[in-house]
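Given next are the chains, with one letter for each unit.
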Amino acid sequence: MKFFIDTANLEQIKEAQALGILDGVTTNPSLMAKEGITGEANIINHYKAICEEVDGHVSAEVISTDFEGMVKEGEVLASLNPQIVVKLPMIADGVKACKYFSDKGIKTNVTLVFSAGQALLAAKAGATYVSPFIGRLDDISTDGLNLISEIRLIYDNYMYDTQILAASVRHTMHIIDCAKIGADVMTGPLSAITGLLKHPLTDSGLAKFLADYQKGH
Ligand code: G3P
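Residues numbered from 1 in each chain as written. Predicted model: local features only at pLDDT ≥ 70, side-chain atom pairs only at ≥ 80, totals over all residues. Heavy atoms only, no water.

With that settled, consider a nonpolar patch on the surface. Together, Leu19, Ile21 and Leu197 line one region of the surface with nonpolar side chains, adding up to about 270 Å² of accessible area. Within the fold, Leu197 resides in the loop between α10 (190-195) and α11 (200-215). (Patch = residues over 30% accessible without salt bridge, like charges linked within 9 Å, V, L, I, M, F, W, Y side chains within 5 Å. Areas by Shrake-Rupley, 256 points an atom, 1.4 Å probe, with all protein chains shown as cover. Salt bridge = Lys/Arg side-chain N within 4 Å of Asp/Glu carboxyl O. Helix = DSSP H or I, 4+ residues; strand = E, 2+ residues; numbered from the N terminus.)

What follows deals with the site of the ligand. Within the structure, the ligand sits among Asp6, Asn28, Phe133, Arg136, Ala167, Ser168, Arg170 and Thr187. For the ligand, an oxygen atom lies 2.7 Å from a polar atom in the side chain of Arg136. Contacts to the ligand include Ser168, whose side-chain N or O atom sits 2.6 Å from an oxygen atom. About the coverage of the ligand: the protein hides 82% of its 310 Å² of free accessible area. A class-by-class count of the residues in the shell around the ligand yields two nonpolar, three polar and three charged. (Near = heavy atom within 4 Å. Polar contact = N/O pair within 3.5 Å; in protein donor to acceptor, adjacent residues only side chain to side chain. Nonpolar A, V, L, I, M, F, W, Y, C, P; charged D, E, K, R; others polar.)

Our focus in this paragraph is the nonpolar core. The biggest cluster of nonpolar side chains holds 56 residues, and the ones touching the most others in it are Ile5, Val25, Leu88 and Tyr155. The element that contributes the greatest number of residues to this core is helix α8 (residues 144-158), accounting for five residues. Sequence-distant contacts of Ile5, that is, excluding residues within four places in its chain, are made with Gln12, Ile13, Ala16, Leu22, Gly24, Val25, Thr26, Thr187, Gly188, Leu190 and Ile193. Listed in part, the seven residues of the second largest apolar core include Phe4, Val85, Leu165 and Ala167. (Core = buried A, V, L, I, M, F, W, Y, C linked by side-chain atoms within 4.5 Å. Buried < 20%, exposed > 50% of the residue type's maximum accessible area, 1.4 Å probe, protein only. Contact = heavy atoms within 4.5 Å.)

Now for helix α4 (residues 67-80). Taking 1.5 Å of rise per residue, 14 residues should cover 20 Å, and α4 covers 20 Å from first to last C-alpha, within 8% of that figure. Of the residues making up α4, those classed as buried are Gly69, Met70, Val71, Gly74, Leu77 and Ala78. Where α4 is buried, its residues contact α3 (40-53), β3 (57-61), β4 (84-89) and α5 (92-103). (Expected span 1.5 Å × (residues − 1).)

Here the focus is the pattern of salt bridges. Summed over the entire model, instances satisfying the criterion amount to 11 salt bridges. A salt bridge links Lys96 to Asp93, with the nearest nitrogen and oxygen atoms 3.8 Å apart. Within this pair, Lys96 and its partner Asp93 are both found in helix α5, separated by three residues, close to a single helical turn. The network of salt bridges with common partners includes Arg152, Asp156 and Asp184.

Let us now look at unusual backbone geometry. You will see that Met159, though not glycine, has its phi angle at about 50°, which is positive. With respect to the helices and strands, Met159 occurs in the loop between α8 and β7 (163-166). For Met159, a relative accessible area of 69% corresponds to the exposed category.

Next up on the list: the sheet that holds strand β8 (residues 185-188). The strands that make up a sheet pair up through hydrogen bonds in the backbone, lying either parallel or antiparallel. As summarised here, the arrangement of the eight strands in space is β1-β2-β3-β4-β5-β6-β7-β8, forming a closed barrel in which the pairing is parallel. For this sheet, the mean inter-axis angle between neighbouring strands, taken without regard to orientation, is 30°. In this structure, β3 lies alongside β4, joined through four bridges in parallel fashion. By the bridge assignment, Ser59 is partnered in β4 with Val85. Most of the contacts of α5 go to β4, to which it runs at about 155°, and overall it touches β4 and β5 (108-113). (Pairing = 2+ DSSP bridges. Axes fitted to C-alpha atoms, helices over the stretch in contact; angles between N-to-C directions.)

Here is the structure:
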């Protein structure tokens, strides 16, 4: 399972990268705004800075909602660095743009996916990644993990290459459950990733090992 971090915060990206387990980064307009990154030039520079910190794919989302605008923006984003994945919304023009980019060999991530039918369309349009938002489904009393299971089944039935990128991951159990179901990738906050490290028996066991070592010295 690939681990992506879902942030535009360079310090958090560096921290996850330093752990040695980071496979990529996802961003969105809200995450960029949260870091105070505004204006086209600053956003472009920030994507370049993110690409310098990681080896893997970096999803950069278009703002346009029409096909021509998405193509124009996506081509600029894709030209910044081979690591860039053009992130497109799951709307009709986003599906068209996905097909356009996949035909040209440009990597895509279809975002804001909340149903199996939407995920099927993304795969048929040749998406590199599809991003079902599990936390936001949980927020409205709908089982987000069930959507991951449905998409896994459909993609396996037809051997689609599109990778399931479980998004809107909020906590460690989301990561573990996505891994059990067979999501190809998860993207989540640093807290969910580092949360996987924690176990009280690890802490107490280490404390005992060190105390026993000290007794002999
Ligand atoms: O990757 C999608 C993600 O950024 C959405 O997460 O927590 O805003 O639902 P959240």
